Amino acid sequence: MAGSRDAEAGDARAARRRIHEVVLAHIEDQIATGTLKAGDRLPAERDLATALGASRSAVREAIRILEAMGTVVQGTGSGPDSGTLLSAVPGAALTHLISLHVMLASIDTTDVVRARIALERESTRLAAKHARPQDHAVLAEHLTAMAAPGIGVAEFNDLDTAFHLAIAEAGGNVLVAELTTALRTAMRPTLLRALQAVADFPSMAARLAGEHQAIHDAILAGDGDLAAARVEAHIDGFYSAARPHRQRR
């Protein structure tokens, strides 16, 4: 008897887990037909439940899952921005998803590095073509801060991250920028440990800052191929230098 109840409870849980897939498929259909677009409100919970033949509690659970995925956001108030809105900027959720996958799957650092190089070569090419004056100003600000005498390891690592992400954003390709952000964020602890293990950190910091400057110079000159070559040499060179301290994730 107890076994039968457990099986029924398991079936019920499985059905609830599948509801978010039904809701997502329904939303995708609505987007594909032009019925819904980014910024639109989803139908009311009761209407979704009726349309999908699901309980309101199951739909509510599905909406919470979709919110965690970054597909929807909960609006506030009673105006046009209230209710459950389709999100066009799921960047944070994507970053967390990829970062967790990289860490939990224990993906070898070499694989992550090669993926990062592929993305950042494209980022720098795009930045050389599309970067605006304000993008160059942000990059120059990061470069100046990295070159400050006596800068600490953690602060340098944060500025290093910000510099690479600013290049990705300057390229104008949202997906490339989001994927670059996710991989760089996933690698942040590994990079920090590698920098902390360097015997002569001031020399390493000066070297990396100089390489960053050379990358920015190529972007400023509009030479995407040179910028791409420099960012690959920069990333590869650092990991080669830090190899004794690298760990499997």
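Everything below is about the structure shown above.
It should be emphasised that the depicted structure is a prediction, and the values quoted were computed from it without experimental measurement.

Trainee: Explanation requested: the overall build of the protein chain in the structure shown.
Mentor: Across its full length, the protein chain holds 10 helices and two strands. Of the regular secondary structure in the protein chain, the N- to C-terminal order runs α-α-α-β-β-α-α-α-α-α-α-α. By the burial criterion, 39% of the 249 residues in the protein chain qualify as buried. Of all intrachain contacts in the protein chain linking residues separated by at least 6 positions in sequence, the fraction that spans at least 24 positions is 70%.

Trainee: How do you make sense of the environment of Ser55 when you look at a structure like this?
Mentor: Examined against the element boundaries, Ser55 turns out to sit in the loop between helix H2 (45-52) and helix H3 (56-69). Remark: the alpha-carbon pair of Ser55 and Glu45, spanning 10 residues in sequence, is separated by 9.5 Å.

Trainee: Is there a simple way to think about the packing of helix H7 (residues 153-170) against helix H9 (residues 201-220) in this case?
Mentor: Each pair of packed helices can be summarised by the angle the axes make with each other and by the distance between the axes. Running from N to C, H7 and H9 point in directions that differ by 15°, and their axes come no closer than 12 Å. The orientation of H7 relative to H9 falls into the category roughly parallel. Crossing geometry of H7 relative to H9 is assigned as left-handed. Listed contacts from H9 to Val153, Phe156, Asp160, Phe163, His164 and Ile167 of H7 are Phe201, Ala205, Leu208, Ala209, His212, Ile215, His216 and Ile219. In terms of residue class, the contact of H7 with H9 is built from 10 nonpolar, three polar and one charged.

Trainee: I would appreciate a short explanation of the packing of aromatic side chains in the present structure.
Mentor: Counted by the stated rule, this structure contains two aromatic pairs. Ring geometry for Phe156 against Phe201: centres 5.8 Å apart, planes inclined by 85°, an arrangement best described as edge-to-face. A residue pair is termed long-range when its members are at least 10 positions apart, and Phe156 in helix H7 and Phe201 in helix H9 qualify at 45 residues. When the centroid spacing of 5.7 Å and the interplanar angle of 75° are considered together, the rings of Phe238 and Tyr239 count as edge-to-face.

About the criteria used
- Residues numbered from 1 in each chain as written.
- Predicted model: local features only at pLDDT ≥ 70, side-chain atom pairs only at ≥ 80, totals over all residues.
- Heavy atoms only, no water.
- Helix = DSSP H or I, 4+ residues; strand = E, 2+ residues; numbered from the N terminus.
- Buried < 20%, exposed > 50% of the residue type's maximum accessible area, 1.4 Å probe, protein only.
- Contact = heavy atoms within 4.5 Å.
- Axes fitted to C-alpha atoms, helices over the stretch in contact; angles between N-to-C directions.
- Parallel < 35°, antiparallel > 145°, perpendicular 65-115°, else oblique.
- Left-handed = near helix turned anticlockwise from the far one by under 90°.
- Nonpolar A, V, L, I, M, F, W, Y, C, P; charged D, E, K, R; others polar.
- Phe/Tyr/Trp six-rings, centres within 6.5 Å; stacked < 30°, edge-to-face > 60°.

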